[in-house]
Structures are given as structure tokens and as C-alpha cells.
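A look at the structure
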Amino acid sequence: DAVSAPEESDQPTATTLDGLSEAELYEKLEKEPVCVLALSDEPGCVLSVCFADGAANLTATNEALSALQKNADVRVYDSKTLYRLYGRAGMTPPAVRFDARLAAYLLNPSASDYSIPRLGSEYGAPVPAWEDETLAQAAALPVLFDKLQKAIDENSQRELLETIELPLAEVLAEMELSGFGVDRAGIEAYGKQIEVQLKEIEQRIYEEAGETFNINSPKQLGDILFGKLELPHGKKTKNGYSTNADILESLRYEHPIVGDVLDYRTYAKLKSTYCDGLLKVIEDD
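Residues numbered from 1 in each chain as written. Predicted model: local features only at pLDDT ≥ 70, side-chain atom pairs only at ≥ 80, totals over all residues. Heavy atoms only, no water.

**Points about the overall build of the chain**
A tally of helices and strands in the chain yields 11 helices and five strands. Relative to the globule expectation of 19 Å for 285 residues, the C-alpha radius of gyration of the chain, 26 Å, shows a markedly less compact shape. For the chain, the proportion of its 285 residues judged to be buried stands at 41%. Taking as baseline every contact in the chain between residues at least 6 positions apart, the subset at least 24 positions apart corresponds to 61%. Approximately 15500 Å² of the chain is accessible, and the part contributed by carbon and sulfur atoms is 49%. Side-chain charges of the chain comprise 27 positive and 50 negative groups, with the mean position of each set lying 6 Å from the other. (Helix = DSSP H or I, 4+ residues; strand = E, 2+ residues; numbered from the N terminus. Rg over C-alpha atoms; globule rule 2.2 N^0.38 Å. Buried < 20%, exposed > 50% of the residue type's maximum accessible area, 1.4 Å probe, protein only. Contact = heavy atoms within 4.5 Å. Areas by Shrake-Rupley, 256 points an atom, 1.4 Å probe, with all protein chains shown as cover. Lys, Arg positive; Asp, Glu negative; His and termini not counted. Charge placed at Lys NZ, Arg CZ, Asp CG, Glu CD.)

**Topic: the pattern of salt bridges**
In this structure the tally under the stated criterion is 19 salt bridges. Of the charged contacts, one joins Asp53 and Lys28 as a salt bridge, the two residues approaching to 3.1 Å between their closest N and O atoms. With Asp53 in the loop between strand S2 (46-51) and strand S3 (54-59) and Lys28 in helix H1 (residues 22-31), the pair connects residues that are 25 residues apart, well separated along the chain. Judged by its relative accessible area of 39%, Asp53 is partly exposed. Classification of Lys28 as buried rests on a relative accessible area of 9%. Note that Asp73 and Arg97 form a salt bridge whose closest N and O atoms lie 2.7 Å from each other. Residue Asp73 is located in the loop between helix H2 (62-69) and strand S4 (74-77), and its partner Arg97 is located in strand S5 (residues 96-99); the two are separated by 24 residues in the primary sequence. By relative accessible area, which is 33% here, Arg97 ends up partly exposed. A network of salt bridges, in which partner residues are shared, links Asp41, Lys80, Arg84, Arg88 and Glu176. (Salt bridge = Lys/Arg side-chain N within 4 Å of Asp/Glu carboxyl O.)

**A closer look at the pairing of S4**
Judged by which residues are buried, S4 turns out to be covered on both faces: Val74 and Val76 on one side and Arg75 and Tyr77 on the other are all buried. In this structure, strand S1 (residues 34-38) lies alongside S4, joined through four bridges in parallel fashion. Looking at the pairing, Leu37 lines up with Tyr77 of S4. The pairing of S4 with S5 spans three bridges and is classified as parallel. Considered in S5, the bridge of Val76 is made with Asp99. Handedness of the crossover joining S4 and S5 through helix H3 (residues 79-88) is recorded here as right-handed. (Pairing = 2+ DSSP bridges. Right-handed = clockwise from strand over helix to strand, strands pointing away.)

**Focus on the nonpolar core**
Residues Leu29, Val36, Leu47, Val49, Leu82 and Leu148 are the most contacted members of the largest nonpolar core, which totals 57 residues. Dropping the residues within four chain positions of it, Val49 is found in contact with Leu29, Val34, Cys35, Val36, Gly54, Ala55, Ala56, Leu58 and Ala138. With 23 residues, the next largest nonpolar core counts Tyr206, Phe213, Leu225 and Val258 among its residues. (Core = buried A, V, L, I, M, F, W, Y, C linked by side-chain atoms within 4.5 Å.)

**Some words on the packing of H2 against H3**
Two elements in contact, H2 and H3, have axes separated by 11 Å at closest approach and are oriented at 125 degrees. One finds that H2 runs oblique with respect to H3. For H2 against H3, the interelement crossing comes out left-handed. Taking contact as the criterion, the partners of Leu65, Leu68 and Gln69 in H2 are, on H3, Leu82, Leu85 and Tyr86. Residues belonging to the contact of H2 with H3 are distributed by class as follows: five nonpolar, one polar and no charged. (Axes fitted to C-alpha atoms, helices over the stretch in contact; angles between N-to-C directions. Parallel < 35°, antiparallel > 145°, perpendicular 65-115°, else oblique. Left-handed = near helix turned anticlockwise from the far one by under 90°. Nonpolar A, V, L, I, M, F, W, Y, C, P; charged D, E, K, R; others polar.)

**Thoughts on the packing of H3 against helix H7 (residues 158-178)**
Interhelical geometry of H3 versus H7 gives an angle of 45 degrees and a closest axis separation of 8 Å. One way to sum up the angle between H3 and H7 is to call them oblique. In the packing of H3 onto H7, the handedness of the crossing is right-handed. Only Leu166, Ala169, Glu170, Leu172, Ala173, Glu176 and Leu177 of H7 make contact with H3, whose side of the interface consists of Ser79, Lys80, Tyr83, Arg84, Gly87 and Arg88. Looking at the contact of H3 with H7 residue by residue, the class counts come to six nonpolar, two polar and five charged.

**Some remarks on H7**
For H7, with 21 residues, the first-to-last C-alpha span of 29 Å sits near the 30 Å given by 1.5 Å per residue. If you look at H7, its biggest bend is around 30 degrees, right at Glu165, and the proline Pro167 turns up within four residues after that. Those residues of H7 not exposed but buried are Leu161, Glu165, Leu166, Ala169 and Ala173. Buried residues along H7 sit against H3, S5 and helix H4 (100-107). (Expected span 1.5 Å × (residues − 1). Bend = angle between axes of the 7 residues up to and from the residue.)

**Things to note about unusual backbone geometry**
Phi is mostly negative for residues that are not glycine, and the peptide bonds are mostly trans. Of note, the phi angle at Asp78 is positive, near 75 degrees, even though the residue is not glycine. Position of Asp78 relative to the elements: it lies in the loop between S4 and H3. Even without glycine at this site, Ser156 takes up a positive phi of about 55 degrees. With respect to the element layout, Ser156 can be found in the loop between helix H6 (133-154) and H7.

See the structure below:
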């Protein structure tokens with residue numbers, strides 16, 4: 001990890017700008033440095049923003065997006081969502097100066113959670129305990145951004161963030177909005193073809209094992225390979241024998257069933273991810 005221990009905590013600006021009119025917020029959006037949290041890319045969604053003197057929620061109308069578009073000092077959490085929001089509105093996005101989510105990823109690519117509360121805890125920028133959790137997270141952003149920018153500079157990753165990751169986020173947003181043409185009938189036909197191959201491999205495995213069992217169950221597979229067929233194996237744990245890919249690859253030539261199990265897994269992955277999975281996300285167009 002880029003940060004080995006939590007830093008000293010800085011409290012965020014625990015102020016809301018509830019008293020400001022939309023016109024006053026739009027004027028601030030145009031001219032003042034702002035931190036932006038957009039959790040949706042649907043036009044008309046809520047934007048949570050934080051200025052030097054406090055945070056506010058506002059509806060992502062074309063007028064609000066147009067005001068933000070003119071701002072030269074925009075820092076965001078997750079620029080890709082903001083780029084998609086502008087794309088859906090048919091507008092050019094503002095020039096994003098910093099992306100906290102991308103920065104956190106560069107600092108720790110193996111992390112499983114880049115949420116604002118977790119990053120705030122890690123980098124010493126706690127989220128205030130407000131009833132509106134999204135607005136509270138936006139209020140934590142200025143301090144979090146400063147901490148992340150400092151860590152990025154210390155890691156000499158500023159150029160990577162600004163010349164590679166931020167431009168790439170805009171490209172990815174455009175790709176996600178545009179999508180690509182899909183041959184539904186072709187995918188369905190390929191899925192049926194794989195299904196036939198899976199059935200054939202499944203029958204061979206049952207014949208080689210001398211019984212039927214759940215091939216997708218590591219425990220049952222381990223019992224067949226290492227218990228019944230007595231293939232070389234590692235230490236048995238309380239969960240049974242390990243049947244991960246590396247172990248099976250090392251045993252590929254010990255018994256025909258091993259190669260068939262590996263082929264079965266390959267075809268099953270193809271069908272579930274690239275046939276069934278793609279069919280689930282095809283839009284009407």
C-alpha cells in the first residue's frame with residue numbers, strides 16, 4: 001500500500017449551503033474551486049458539491065452542468081460517471097483537474113474498496129456524521145483530495161494520473177455510452193454449441209470417474225480425483241482437497257479426467273460469461 005498507516009485526521013468543512021438560491025449556487029459553480037460527487041449519470045440526478053465555505057446538493061439540470069462546465073478548478077470523485085452524465089446530456093464536460101477514485105487506485109491498485117468513507121478513514125479525511133450521507137461525503141472531499149494529491153506527488157504519479165488515467169476515463173465513458181453492435185442470434189447459437197460440448201465433456205468425466213457427481217463442486221471433485229482415483233495431492237484441509245487451476249494443470253497428464261475437467265471449466269466460463277452474460281446486458285438498440 002502507498003500509505004502504511006492512517007494520517008492525522010483533518011475535519012472537513014462541516015457546513016451546508018442550504019440558504020443559497022440556485023442562481024447563487026450556479027454562480028459559485030462557475031467561478032469557485034469545487035469538489036464534485038456525482039453518483040449517477042442520469043440527467044436530472046443530484047450533484048453533491050463542496051466549495052471552500054460548505055457543501056450543497058443541486059439537481060444536474062443543463063443550467064447547472066453549463067455553469068460547472070465553465071469552471072477551471074474542478075476536482076471530482078469518479079470522473080467517468082461525471083463524463084457519462086455530460087455525454088447523456090449532449091454536453092462537453094468540464095476540464096477535470098483531479099480524480100480521487102483514480103488517484104486512490106493508482107496508490108493502491110489491489111484494494112477492493114475505493115469508497116469515500118474507507119478512503120477518508122485511510123487518509124485522515126473523515127466523513128462528517130450528517131443525515132444526508134451523500135452530502136456528508138461531498139463535504140469530506142476537499143480534505144481527502146488534498147491528502148491524495150500529496151500522496152500522488154510523493155509517489156511521482158502525477159503525470160500518470162493527468163496524462164494517462166484521466167484522459168482514459170473520458171474515453172471509457174464515451175465507449176460505455178456508445179456501446180457496440182451485438183449479434184444476438186450469433187451469441188445464442190454459439191451458446192447452444194458450447195452447451196452441446198459441455199454435455200459431451202460431462203459424460204466423459206462421469207465415465208472416467210465411474211459415477212455422476214457435481215463437477216462444479218470443489219469438494220466432490222476433490223473426493224473423486226484424490227480420494228477415489230488417488231491422484232497426487234496436497235494436504236487435505238477441513239474443506240477438502242484443493243482443485244484450483246494450478247493444481248489441475250500440474251496433473252493434466254496423470255489421468256484423462258483432469259484434462260476433461262479443465263476443458264469443462266473453460267467451456268462453462270465461456271458460456272456463463274460471454275454467452276449468457278452478454279445476452280443479459282444487450283439493450284433494445
